[in-house]
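# Survey of secondary and tertiary structure
The chain contents come next:
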Amino acid sequence: PQLAPRPRHPAPKRTMLLNIAFSLQLIALICVSTIYVTSFFVVRDRYYMDKLDEIDGGVVSAVYSDLDVESHTQRSMMVFLMIFIYKQIIQLVLALTTRRADPGFRYALKLECMIFHLLHTPGMVAAKQLDFTQPASLSFAATHTVAGLIFFFASAETAAAVPKAPSKEKTN
């Protein structure tokens, strides 16, 4: 008996792009959560945020200039943010491992990541956290916009993830 050929994935390059985007998102979230948890809950000092600021050309101070590690309100906000981040870290690990073959799960996560990135800049503008006269603010806006667009164009799994409506048969 001859084995049937394995079906080819419709667009392996776009799926690879989604895997790369998921991987970069995972790395970024692990780094950011480590720095913020350390700064807000372990040492209660801006030292690590300032070190990150030196590395990324001033983005942290340009965008999050009013972060106060001693503020109870901001620590509460950070707890909520960490819940979201750790949930997404778990989802990203699943999307890259055991749920890799689940187009619905990956599509939902892709949309979540895309929406987060595309709305991050307008949200920061509304909160008056960005000053577009500073290169760091422009860098922040460009990075999140490009990341959102990558997630938008990244996946060929959309057709498999979104079920089609049943067709109505004509009756005469």
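Conventions and cut-offs
Residues numbered from 1 in each chain as written. Predicted model: local features only at pLDDT ≥ 70, side-chain atom pairs only at ≥ 80, totals over all residues. Heavy atoms only, no water. Helix = DSSP H or I, 4+ residues; strand = E, 2+ residues; numbered from the N terminus. Buried < 20%, exposed > 50% of the residue type's maximum accessible area, 1.4 Å probe, protein only. Polar contact = N/O pair within 3.5 Å; in protein donor to acceptor, adjacent residues only side chain to side chain. Contact = heavy atoms within 4.5 Å. Core = buried A, V, L, I, M, F, W, Y, C linked by side-chain atoms within 4.5 Å.

Mapped onto the secondary structure, H144 falls in helix α6 (residues 135-153). With relative accessibility at 12%, the residue H144 sits in the buried group. Polar contacts involving the side chain of H144 include one to the side chain of H117, which spans 2.9 Å. Excluding anything up to four places from it in sequence, H144 contacts F116, H117, L118, H120 and T121.

It is worth spelling out the nonpolar core at this point. With 25 residues, the main nonpolar core has F22, Y36, M49, L92 and F151 as its most contacted residues. Among the secondary structure elements, those contributing two or more residues to this core are α1 (12-42), α4 (72-96) and α5 (103-126). Looking at which element gives the most residues to this core, the answer is α1, with eight residues. With seven residues, the next largest nonpolar core counts V63, M124, L130 and A136 among its residues.

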